[in-house]
Amino acid sequence: MKINLISDTVTKPTKGMLAAMMNAEVGDDVFKADPTINQLQEKAAQMFGTEDALFFPSGTMANQTAIKLHTQPGDKMFCDKWAHVFNFEGGGAAFNSGVSSHLIDGERGMFTAEQLAYAASGGIDIHSPYSRLVCIENTTNKGGGACWDFEELKKIKQICLDNELALHLDGARLFNALVAKNETPKQYGELFDTISICLSKGLGAPVGSILLGTKSDMAKALRIRKLFGGAMRQAGYLAAAAIYALDNHVERLTEDHRRAKTIGKTLESCSFIKTVEPIETNIVIFYVNDSIDEIEFVNKMTQKNIHFISMGDGKLRMVTHLDFTEEMLDKLISELHKF
Ligand SMILES: *Cc1c(COP(=O)(O)O)cnc(C)c1O
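Residues numbered from 1 in each chain as written. Predicted model: local features only at pLDDT ≥ 70, side-chain atom pairs only at ≥ 80, totals over all residues. Heavy atoms only, no water.

A. Seen up close, unusual backbone geometry. Going from Asn138 to Thr139, the amide bond is cis rather than trans, its omega being -5 degrees. Relative to the helices and strands, Thr139 resides in the loop between β5 (131–137) and α7 (150–162). A positive phi angle is found at Asn305, which is not glycine, with a value near 65 degrees. Under the relative-accessibility criterion, Asn305 is labelled partly exposed at 28%. (Helix = DSSP H or I, 4+ residues; strand = E, 2+ residues; numbered from the N terminus. Buried < 20%, exposed > 50% of the residue type's maximum accessible area, 1.4 Å probe, protein only.)

So this is what it looks like as structure tokens:
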């Protein structure tokens, strides 16, 4: 039995999802003639209460499109120092949009409205880049699946309004946050100018992301997606997986969260573990004692067919997901106790 906790992207389509894909009605989406993609986009926009939505091949492309549509070359954006848009998208903000990143020194990937207000103060000056955009990440990836406080996000929105800044949400794992904090998609749709959602993470679809926003922003996004080479043809087979995921795989995220917490408790009870970071959703970040080499620990567990990753600086990460079962959890617990 292979236990793969490397990421929640490792899931394979379920039988139900595959059946939905096989039965999808498709057409050429470049001509807006794929009924399943149209259905997905309408469904997502309705869920979030936004005017429009656009299907993307990846979360990176959805984020990069959002950055491009809110900015001009030479502008800058604000994000946390751990943000995916800065750290894990290949320098795309600079490459695709000519945008620099003003990094805010937050906690677990989250900054405060006060920190943003301070960073955005200074007004317009011919010497400085124009500040155009704020990017939020919920849940935070490098921050170990931490969830933002919605009240803080409202304050951040006010600062954006005061400073004429657009507000983008990298919501790759937003559904994890919604389920964990009992929040609704519409709350987020109201607050943010654009939102990207990954269907290929906790929701278990093989491919796909969605960008949400106004009709005029999504018209710009359509043009940028074309420019980035992301226009697809009969991708309704993938949209069918996404619709299935939205209908069947949202509420069950609580299972992933419960299992992540159980892993955390087990790790805390192991003498060779130094610390476990707070677990709010499906990501477990922990450190082994200084006397143990963390790479060796990862390799020894790999030999037992238990896979997870080192994120550098002694940080280890396990991510629970749709294909991580109760049986696998029991096996993992017993192997950790034996170690
Ligand atoms: C996974 C992820 C993305 C998008 O990644 P893709 O692999 O391009 O789909 C964006 N932001 C965060 C926080 C992520 O975890």
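B. Inspection of the side chain of His321 at higher detail. The topology assignment puts His321 in the loop between β13 (315–319) and α14 (326–338). Within the structure, His321 has its side chain in polar contact with the backbone nitrogen of Asp323 (distance 3.1 Å). (Polar contact = N/O pair within 3.5 Å; in protein donor to acceptor, adjacent residues only side chain to side chain.)

C. Spotlight on the domain arrangement of the chain. By the assigned domains, the chain splits into domain 1 (3–9 + 252–338) and domain 2 (15–248). If you average the C-alpha positions of domain 1 and of domain 2, the two centres end up 28 Å apart. Taken residue by residue, the interface counts 18 residues in domain 1 and 23 residues in domain 2. Carbon and sulfur atoms make up 51% of the surface buried where domain 1 meets domain 2, a total of about 1,600 Å² over both sides. Among the residues domain 1 hides against domain 2, the three largest losses belong to Asp8, Leu253 and Glu280. Together they make up 33% of the total. Inspection of the region where domain 1 meets domain 2 yields two salt bridges. The residue Glu280 makes a salt bridge to Arg108 at a minimum N-O spacing of 3.2 Å. Counting every contact that joins domain 1 to domain 2 gives eight residue pairs in polar contact (both at pLDDT 80 or more). Of all the secondary-structure elements, those providing two or more residues to the side of domain 1 that touches domain 2 are α12 (253–268), β10 (283–288) and β13. Tallying contributions element by element places α12 first for the side of domain 1 that touches domain 2, with three residues. Looking at the side of domain 1 that touches domain 2 residue by residue, the class counts come to six nonpolar, six polar and six charged. (Domains from an automatic or database assignment. Contact = heavy atoms within 4.5 Å. Buried area = accessible area lost by both parts, 1.4 Å probe. Salt bridge = Lys/Arg side-chain N within 4 Å of Asp/Glu carboxyl O. Nonpolar A, V, L, I, M, F, W, Y, C, P; charged D, E, K, R; others polar.)

D. Structural detail: the site of the ligand. Taken together, the neighbourhood of the ligand is formed by 13 residues, with Gly59, Thr60, Asn141, Asp170 and Lys201 sitting nearest. In this structure, a nitrogen atom belonging to the ligand sits 2.6 Å away from a side-chain N or O atom of Asp170. Here an oxygen atom of the ligand sits 2.9 Å away from a polar atom, N or O, in the side chain of Lys201. Relative to its free-state accessible area of 380 Å², the ligand is covered by the protein chains to the extent of 84%. Each residue belonging to the shell around the ligand can be placed in one class, and the counts come to two nonpolar, six polar and five charged. (Near = heavy atom within 4 Å. Areas by Shrake-Rupley, 256 points an atom, 1.4 Å probe, with all protein chains shown as cover.)

E. Examining the pattern of salt bridges more closely. Within this structure, the stated rule accounts for 21 salt bridges. Linking Lys220 and Asp217 is a salt bridge whose minimum nitrogen-to-oxygen distance equals 3.9 Å. Highlighted residues: Lys220 and Asp217, both in helix α10 (residues 215–227), separated by three residues, approximately one helical turn. The exposure class of Asp217 is buried, given its relative accessible area of 12%. Between Glu296 and Lys300 there is a salt bridge, and its shortest N-O distance comes to 3.5 Å. In this pair, Glu296 and Lys300 both sit in helix α13 (residues 294–303), four residues apart, roughly one turn of the helix.

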